[in-house]
Amino acid sequence: MKFVLWGVETKNKGAELMFYAILQEIEKKFPNAEVYIPQSRLKQGLGYMHTMVNLKYWPFGYLVYKLRLKRIFRRLHLPQSLLLDTYAASHADYFIDGSGFAFSDQWNIKNERVEMWQKLLDRMHRQGTKIVFLPQAFGPVELPNTKRVLTILNKYANIIMPREKVSYNYLAQSGVVDMKKVKLYTDFTSLVEGVVPDKFAYLKDGVCVIPNLRMIDRGAISMEKYIELIREIILETQSSGKKVYLLNHEGINDEQLCYQVSKAVQNSVKVVTGLNALEVKGLISSAYLVISSRFHGVASALNSCVPCLSTSWSHKYQELYNDYKMHDCVLPLDNNKQAMEQIRKYLNTEKNIEIRNILNEQVPHIKDETREMWRTVWSI
């Protein structure tokens, strides 16, 4: 069996976690499979991923990446979509997209991106490849190019999976998607087990705070107000006597943000960075409480039965909480006093145990839904 993966990467630990979730299911079903990924999405080298499948770069993908052909095409104002003929594996059995959140007006999709999807999926479809879009957020869908790219997905995909009802409704209301192709399944990373790094074992039962630059560049809050909010969260947690640390869940941008926050509290908290996705999830699973601005920081906490509060820049956060029967978990961005009251409540031992009991009841259902999702994929 031959697989082409799209949308997965290793810079963002949420995307890397989805990468592992896909690889682990392929391992179970097709242990001798060949799995192709683009070089640009795995710069650390193929050995970085812990997997038994035969992981490879796309044919000629390394050459495209090494020679910086995309940069040359951009400089000459040539459509980069022309590179797709040599930038993807041929005659794959499955094309699996695990983007997480790529098809929305929020990204202001460019013409070139629309052309890329047309060229790539048309080629895959003509070769008989099964095309699957795994659970992810979609919408809003008002801009012309968002509708154009969803029209292309609808034309070629065997199945499109929104991971919550808001995204499902955006697809239904778009007017360009055949809803017979659409199946709703929740985030699919719950089956991935984390690994607690030995050197951070001393942080067990601490409060894990995960910043996210998206909160600022998506316009949810200003940098100044966001850093002040996290500063107050840290001080509130420290006053309770709990250990608190900052966890980088992405790359250099979130790392820099973590250090800015640390400076705001006189460097009194540890910044944990440079972990792989399995270690990130493992550390989250060992926490007493997680306060996350990263979506998969929330997901990893909830499916590890760890109480979690969050800030939000998208509908996907609240919808994820709904899947776990959790409510009032998104902190207000305009009322720090109210946010601190919610945090004090979750720091309380009895409340913490109560939340863990609710999650322990829900997580088996979440995992069963993900197993059903994979049965659906393999039945196509």
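Examining the sheet that holds strand β11 (residues 289–292)
Item 1. Spatially, β10-β9-β8-β11-β12 is the arrangement adopted by the five strands of the open sheet, whose pairing is parallel. Where the open sheet ends on each side, the last strands, each with one partner, are β10 (270–272) and β12 (308–310). Between one strand axis and the next, the sheet turns through 25° on average, direction left out of account.
Item 2. Where strand β8 (residues 207–210) lies against strand β9 (residues 244–247), three bridges are found, and the strand directions are parallel. The residue of β9 that forms the bridge with Val209 is Leu246.
Item 3. Its contacts with the sheet place helix α8 (residues 223–239) against β8, β9 and β11, and it is angled at close to 145° to β9.
Item 4. Each of β9 and β10 touches helix α9 (residues 252–264); the most contacted strand, β9, lies at about 155° to it.

Side note on the pairing of β11
Item 1. The side-chain alternation of β11 yields two buried faces, one formed by Leu289 and Ile291 and the other by Val290 and Ser292.
Item 2. Alignment of β8 against β11, held across four bridges, turns out to be parallel. Across the sheet, residue Val209 finds its bridge partner in β11, namely Ile291.

Focus on the environment of Ile131
Item 1. For Ile131, the location among the structural elements is in strand β6 (residues 130–138).
Item 2. Sequence spacing of Ile131 and Asp97 is 34 residues, and the spatial spacing of their C-alpha atoms is 8.1 Å.

Let's talk about the nonpolar core
Item 1. Ranked by internal contacts, the top residues of the largest apolar core, which has 63 residues, are Leu246, Leu247 and Val290.
Item 2. It is α8 that provides the largest number of residues to this core, a total of six residues.
Item 3. Leaving out residues up to four positions away in the same chain, Leu247 has contacts with Cys208, Val209, Ile210, Pro211, Cys258, Val272, Leu275, Val280, Leu283 and Ile284.
Item 4. Among the nonpolar cores identified, the runner-up in size contains 35 residues, and Ala21, Ile22, Val35 and Val53 belong to it.

Some remarks on α8
Item 1. Between its terminal C-alpha atoms α8 stretches 24 Å, which fits the 24 Å expected from 17 residues at 1.5 Å a residue.
Item 2. Of the positions making up α8, those classed as buried are Tyr226, Ile227, Leu229, Ile230, Ile233, Ile234, Glu236 and Thr237.
Item 3. Contacts from the buried residues of α8 go to β8, α7 (214–217), β9, α9, β11 and α13 (336–347).
Item 4. Count one or two residues on from α8 and you reach Gly241, which has phi positive near 90°.

About the thresholds
Residues numbered from 1 in each chain as written. Predicted model: local features only at pLDDT ≥ 70, side-chain atom pairs only at ≥ 80, totals over all residues. Heavy atoms only, no water. Pairing = 2+ DSSP bridges. Helix = DSSP H or I, 4+ residues; strand = E, 2+ residues; numbered from the N terminus. Axes fitted to C-alpha atoms, helices over the stretch in contact; angles between N-to-C directions. Contact = heavy atoms within 4.5 Å. Buried < 20%, exposed > 50% of the residue type's maximum accessible area, 1.4 Å probe, protein only. Core = buried A, V, L, I, M, F, W, Y, C linked by side-chain atoms within 4.5 Å. Expected span 1.5 Å × (residues − 1).

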